[in-house]
Amino acid sequence: MPEMPEVETVRRSLIAQVKGRKITHVEIRYPDLITGDVDQFVEFVTGATISDVGRRAKFLLIHLDNGYTIISHLRMEGKYRISADPSAIDKHSHAIFTLDNGQKMIYNDVRKFGRMQLWNTDELSENKSLKKLGPEPLSTEFTFQNLKPRIMRHHKDIKTVLLDQSVMSGLGNIYVDEVLWQVKLHPETPANHLSDEDIQKIIEASNQEMDKGIAAGGSSIRTYVDATGHKGNMQNNLKVYGKEGTPCPRCGTEIVKIKVGGRGTHFCPKCQVVK
DNA sequence: CCTATTCCCTGAAGGC
DNA sequence: TGCCTTCAGGGAATAG
């Protein structure tokens, strides 16, 4: 499932292949993929040149030279693939962008959870989805001063709060479990029970996990690959996610899996304590 | 303002 | 060519 490091890896693999390319044709096979008017999306994207590919948290930002940006969220299974091979297109290909070099930028999404929308590049900060995002790791806004009040005003469990993209953005279910293991916090600890030191540790661990994830090219837990079809390696560095029944790398206690806020949650019942 | 719940989707896996 | 249930889950919408 693409979280910030995976989306960043996609961004990098995409930019290397499509920056400067003109989109000569657009085909939307699954209209619900597009938030807003599909015909307008096709009209404005066709003929535009991809000037850059950016990212905000888990949102990809495909900037066009005509003043518009495609805001693309991969959700669970969305993936881009650049290929001139017709066999790269299948029943799960929901958007096909033909490029001026004969390649196609194909958006695939088995679960159809991903969404795209077109927005004025100059007004991205006013977009409803982007506007509500909290600070993301590795950014200058990701500071103790900014994060403490955002976290502490909640009395829900810390796992749910860290997954809330309006509190802080970029982390998903995998990396949240990893961060909480790193800082030795039980995922069901009420957020407002955290100490300043806990907050500081969460910030540092989030930065570190995102750094490691990006360096590893993301985590290929299920089907994740980047826009060149390559898997990441971060799944080999995970300590708790998907490790239920195996020994905690720190204390040897068996990792357990529970549900927190409806999400599968992995943690060490001995060294991650409730506060 | 806040929290909790439902919905969107399909394929893999497991039980019988 | 087995059928059915459960699970994976980010974010938007809705309910209370």
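This structure is a prediction, so every number in the text was calculated from the model and none was measured.

This brings us to the overall build of chain A. Tallying secondary structure elements over chain A gives 7 helices and 10 strands in all. Computed over its C-alpha atoms, the radius of gyration of chain A comes to 20 Å, within 12% of the 19 Å expected for a compact globule of 275 residues. C-alpha extents for chain A along the principal axes are approximately 55 × 35 × 30 Å. Look at the contacts in chain A between residues 6 or more apart in sequence, and 63% of them connect residues 24 or more apart. In the structure as shown, chain A presents an accessible area of about 12200 Å², 47% of it carried by carbon and sulfur atoms. Within chain A, one finds 38 positive and 34 negative side-chain charges whose respective centroids are separated by 4 Å.

Every residue near DNA strand B is listed here: Tyr30, Asp32, Lys91, His92, Val110, Arg111, Lys112, Phe113, Arg153, His154, His155 and Lys156. Sugar plus phosphate, as a fraction of atoms of DNA strand B within 4 Å of the protein: 69%. Between a phosphate oxygen of DNA strand B and a side-chain N or O atom of tyrosine 30, the distance comes to 2.5 Å. The side chain of lysine 91 places a nitrogen or oxygen atom 3.3 Å from a phosphate oxygen of DNA strand B. Residue classes in the surface near DNA strand B are distributed as 3 nonpolar, 3 polar and 6 charged.

The next point concerns the protein's contact with DNA strand C. DNA strand C sits among 17 residues. The nearest are Phe113, Tyr241, Lys257, Lys259 and Arg263. When the atoms of DNA strand C within 4 Å of the protein are grouped by moiety, sugar and phosphate amount to 63% of the total. Arginine 111 is positioned with one of its side-chain polar atoms (N or O) 3.0 Å from a base nitrogen of DNA strand C. Put simply, the parts of the chain that give the surface near DNA strand C at least two residues each are α3 (128-131), β9 (256-260) and β10 (263-267). Split by residue class, the surface near DNA strand C holds 4 nonpolar, 5 polar and 8 charged.

The next point concerns helix α2 (residues 38-45). For α2, the N-terminal capping position is held by aspartate 37, with its side-chain oxygen 3.0 Å away from the main-chain nitrogen of aspartate 39. Glycine 47 sits one or two positions beyond α2 and adopts a positive phi of about 90°.

Each regular strand carries side chains that alternate between the two faces of the sheet. Counting buried residues along strand β4 (residues 68-73), 5 of its 6 residues qualify, which places the element largely inside the surrounding structure. Note that strand β3 (residues 59-64) and β4 share 5 bridges and pair antiparallel. In the sheet register, isoleucine 62 faces β4, and the bridge partner there is isoleucine 70. Here β3 hands over to β4 after 3 residues, with glycine 67 in that stretch at a positive phi of 90°. Here 6 bridges tie β4 to strand β8 (residues 115-120), and the two strands are oriented antiparallel to one another. From the neighbouring strand, isoleucine 71 faces β8, where its bridge partner is glutamine 117.

When the UniProt feature table is mapped to this numbering, "domain: FPG-type" (unreviewed entry) covers residues 239-273. With 0% helix and 29% strand, the stretch residues 239-273 has end C-alpha atoms that lie 16 Å from each other.

Okay, the packing of helix α4 (residues 144-152) against helix α7 (residues 196-215) next. Their axes nearest at 10 Å, the elements α4 and α7 cross at an angle of 115°. As the angle between them shows, α4 and α7 are arranged roughly perpendicular. The interaxial crossing formed by α4 with α7 has right-handed handedness. Between α4 and α7, the contacting residues are Phe144, Leu147, Lys148, Ile151 and Met152 on the first element and Asp196, Ile199, Gln200 and Ile203 on the second. Taken together, the residues of the contact of α4 with α7 break down into 6 nonpolar, 1 polar and 2 charged.

The α-helix advances 3.6 residues per turn, and as a result positions three or four apart in sequence lie on the same side. The first and last C-alpha atoms of α7 sit 29 Å apart over 20 residues, in line with the 28 Å expected at 1.5 Å per residue. For α7, the complete set of buried residues consists of Asp198, Ile199, Ile202, Ile203, Ala205, Ser206, Asn207, Glu209, Met210, Gly213 and Ile214. Where α7 is buried, its residues touch α1 (4-18), α4, α5 (158-163) and α6 (173-182). Two residues or fewer after α7 comes glycine 217, characterised by a positive phi angle close to 75°.

An order of β1-β6-β7-β5 is seen for the 4 strands of this open sheet, with the pairing classed as antiparallel. Both edges of this open sheet fall to β1 (23-28) and β5 (79-83), since each of them pairs with a single strand only. Direction aside, neighbouring strands of the sheet carry axes that sit 15° apart on average. Pairing between β1 and strand β6 (residues 93-99): 5 bridges, direction antiparallel. Bridging across to β6, glutamate 27 finds its partner in isoleucine 96. Its contacts with the sheet place α1 against β5, β6 and β7 (104-108), and it is angled at close to 25° to β5.

Calculation criteria
- Residues numbered from 1 in each chain as written.
- Chains lettered and ligands numbered in written order.
- Predicted model: local features only at pLDDT ≥ 70, side-chain atom pairs only at ≥ 80, totals over all residues.
- Heavy atoms only, no water.
- Helix = DSSP H or I, 4+ residues; strand = E, 2+ residues; numbered from the N terminus.
- Rg over C-alpha atoms; globule rule 2.2 N^0.38 Å.
- Contact = heavy atoms within 4.5 Å.
- Areas by Shrake-Rupley, 256 points an atom, 1.4 Å probe, with all protein chains shown as cover.
- Lys, Arg positive; Asp, Glu negative; His and termini not counted.
- Charge placed at Lys NZ, Arg CZ, Asp CG, Glu CD.
- Near = heavy atom within 4 Å.
- Polar contact = N/O pair within 3.5 Å; in protein donor to acceptor, adjacent residues only side chain to side chain.
- Nonpolar A, V, L, I, M, F, W, Y, C, P; charged D, E, K, R; others polar.
- Buried < 20%, exposed > 50% of the residue type's maximum accessible area, 1.4 Å probe, protein only.
- Pairing = 2+ DSSP bridges.
- UniProt positions renumbered as here; feature names shortened; annotations may be inferred.
- Axes fitted to C-alpha atoms, helices over the stretch in contact; angles between N-to-C directions.
- Parallel < 35°, antiparallel > 145°, perpendicular 65-115°, else oblique.
- Left-handed = near helix turned anticlockwise from the far one by under 90°.
- Expected span 1.5 Å × (residues − 1).

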